Amino acid sequence: CTKAIPLRPLQKAICDVFGTSPKTTKLLHARVDEWTDEFSEDVYVSIRAKATPDRTREVVSDNMARIQKAFADHDLVANVRLETYVGDHFFHLPPKIDEK
């Protein structure tokens, strides 16, 4: 895709969908020279979200549609994939903050 991908507005849209903040909701952009174009999308969106009781299949599917629309609002066709994880099975090691 050679289209511009406005990361900040899209990150805000994703945060709005999930009720999160940019501190916990990261949006990464990686260009690739080649990929299979089975779906003819401009972007492939892969989301990992904590499994919570309120994130039912219906709610998650609705959220995915809202995210797809946020990309469409920027003239981007998004193939959206979302997987949930159980909090106790998730590990994260952020970099240490320099305290000078």
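Only a predicted model underlies this, so the values are computations on that prediction, with no experimental measurement involved.

Cut-offs and rules
- Residues numbered from 1 in each chain as written.
- Predicted model: local features only at pLDDT ≥ 70, side-chain atom pairs only at ≥ 80, totals over all residues.
- Heavy atoms only, no water.
- Core = buried A, V, L, I, M, F, W, Y, C linked by side-chain atoms within 4.5 Å.
- Buried < 20%, exposed > 50% of the residue type's maximum accessible area, 1.4 Å probe, protein only.
- Helix = DSSP H or I, 4+ residues; strand = E, 2+ residues; numbered from the N terminus.
- Contact = heavy atoms within 4.5 Å.
- Salt bridge = Lys/Arg side-chain N within 4 Å of Asp/Glu carboxyl O.

J.: Whenever I open this one, the nonpolar core confuses me. Can you help?
T.: Within soluble globular proteins, side chains that are nonpolar generally end up buried alongside one another. Judged by nonpolar contacts, the single largest core of 17 residues is most densely connected at V45, I67 and F71. Looking at this core, the elements that each hand over two or more residues are α1 (7–18), β1 (43–50), α2 (57–72) and β2 (78–85). Leave out the neighbours within four places in its chain, and I67 touches I14, V17, F18, I47 and V80.

J.: What am I meant to see in unusual backbone geometry here?
T.: The phi torsion of most residues other than glycine is negative, and most of the peptide bonds are trans. Within the chain, D75 stands out as a residue other than glycine whose phi angle is a positive 60 degrees. Assignment of secondary structure puts D75 in the loop between α2 and β2.

J.: In this structure, what is going on with the pattern of salt bridges? I would like to understand it.
T.: Where side chains of opposite charge bring their charged atoms close, a pairing between them can arise. A full pass over the atoms with the stated rule returns five salt bridges. Salt-bridge contacts for K12 lead to D16; the nearest nitrogen and oxygen are separated by 2.9 Å. Of this pair, K12 and D16 both sit in helix α1, separated by four residues, roughly a single helical turn. D73 is the salt-bridge partner of K69, the closest N and O atoms lying 2.9 Å from each other. Residues joined in a network through salt bridges with shared partners are K3, D42 and D75.

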